[in-house]
Amino acid sequence: EPACSDVKTFQGHDYLFCNNQEPWQDAAAYCSSFGMRLATINSINEEGFVHAMANMFSTQKWWIGLNDRATEGVYTWENGETSSYSNWYAGEPNNAGGNEDCGQLNRYYPDHGWNDEPCGLHYRFICEGEEN
Ligand code: 2F8
Ligand code: CA
């Protein structure tokens, strides 16, 4: 069982910050089991909220709902939303080693810029759903 925060709510959506570290696919499955999805970040306000919360729980990297597994270089949100907002850090996503298909918040980059990393690596993750 993942060790998630209690529910945090922002602008009509619920969020869980899960502190156990999982491969991206397992993280997505955990979110689904809660009736949620890996988080979709589609505004700077939402991004600010998520950063503030993430900082309370850990100083690491967090999987969010981004991947380009279907088509290399075309990142989509796991919940099917489309959004013009992005916060990729300069030079990312770079598909380093030809093996990076999943997106994360990366606190080692300024403003938690997004980075792509191998989907099999274990990181904390953020779930999002409609407010209950
Ligand atoms: O320099 C950026 C680059 O740093 C690492 O690769 C050397 C990251 N990979 C891991 O941390 C596994 C890359 O994702 C990142 O782009
Ligand atoms: Ca990368």
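Residues numbered from 1 in each chain as written. Chains lettered and ligands numbered in written order. Predicted model: local features only at pLDDT ≥ 70, side-chain atom pairs only at ≥ 80, totals over all residues. Heavy atoms only, no water.

Q: Looking at this structure, how should I read the side chain of Asn20?
A: Within the secondary structure layout, Asn20 lies in strand E2 (residues 13-22). Look at Asn20 and you get buried, because its relative accessible area is 17%. Here the side chain of Asn20 touches Ala3 through a polar contact of 2.9 Å, landing on its backbone nitrogen. Of note is the side chain of Asn20, whose polar atom sits 2.7 Å from the side chain of Glu22. Setting aside chain neighbours within four positions, we find Asn20 in contact with Pro2, Ala3, Tyr30, Tyr123, Arg124 and Phe125. (Helix = DSSP H or I, 4+ residues; strand = E, 2+ residues; numbered from the N terminus. Buried < 20%, exposed > 50% of the residue type's maximum accessible area, 1.4 Å probe, protein only. Polar contact = N/O pair within 3.5 Å; in protein donor to acceptor, adjacent residues only side chain to side chain. Contact = heavy atoms within 4.5 Å.)

Q: Whenever I open this one, the packing of aromatic side chains confuses me. Can you help?
A: Two descriptors summarise a pair of aromatic rings, namely the distance from one centre to the other and the angle between the planes of the rings. Inspection of the entire model under this criterion finds 11 aromatic pairs. Geometrically, the ring pair formed by Tyr30 and Phe125 is stacked, given 6.1 Å between the ring centres and 10° between the ring planes. Here the residue Tyr30 occupies a position in helix H1 (residues 24-33), and Phe125 occupies one in strand E8 (residues 123-130), the gap between them amounting to 95 residues. For Tyr30, a relative accessible area of 22% corresponds to the partly exposed category. Chaining the aromatic ring pairs together yields one cluster made of Tyr75, Trp77, Tyr85, Trp88 and Trp114. (Phe/Tyr/Trp six-rings, centres within 6.5 Å; stacked < 30°, edge-to-face > 60°.)

Q: Could you clarify how one ought to interpret the state of the cysteines in this entry?
A: Think of a disulfide as a covalent bridge from one cysteine sulfur atom to another cysteine sulfur atom. Going through the model one piece at a time under the given rule, you end up with 3 disulfides. The disulfide partner of Cys4 is Cys18, and the S-S distance across this bridge is 2.0 Å. With the S-S dihedral at roughly 100°, the linkage between Cys4 and Cys18 falls on the right-handed side. Separated by 14 residues along the polypeptide, Cys4 in the segment before strand E1 (8-10) and Cys18 in strand E2 bring together distant segments of the chain. Taking the relative accessible area as the measure of exposure, Cys4 reaches 26% and is therefore partly exposed. Cys102 shares a disulfide with Cys119; S-S distance 2.1 Å. Taking the sign of the S-S torsion, about 95° here, the bridge from Cys102 to Cys119 comes out right-handed. Placement of the pair is Cys102 in strand E6 (residues 102-106) and Cys119 in the loop between strand E7 (114-117) and E8, with a sequence separation of 17 residues. Bonded cysteines in the protein are paired 1-2, 3-6, 4-5 when counted in the order they occur along the chain. (Disulfide = S-S within 2.5 Å.)

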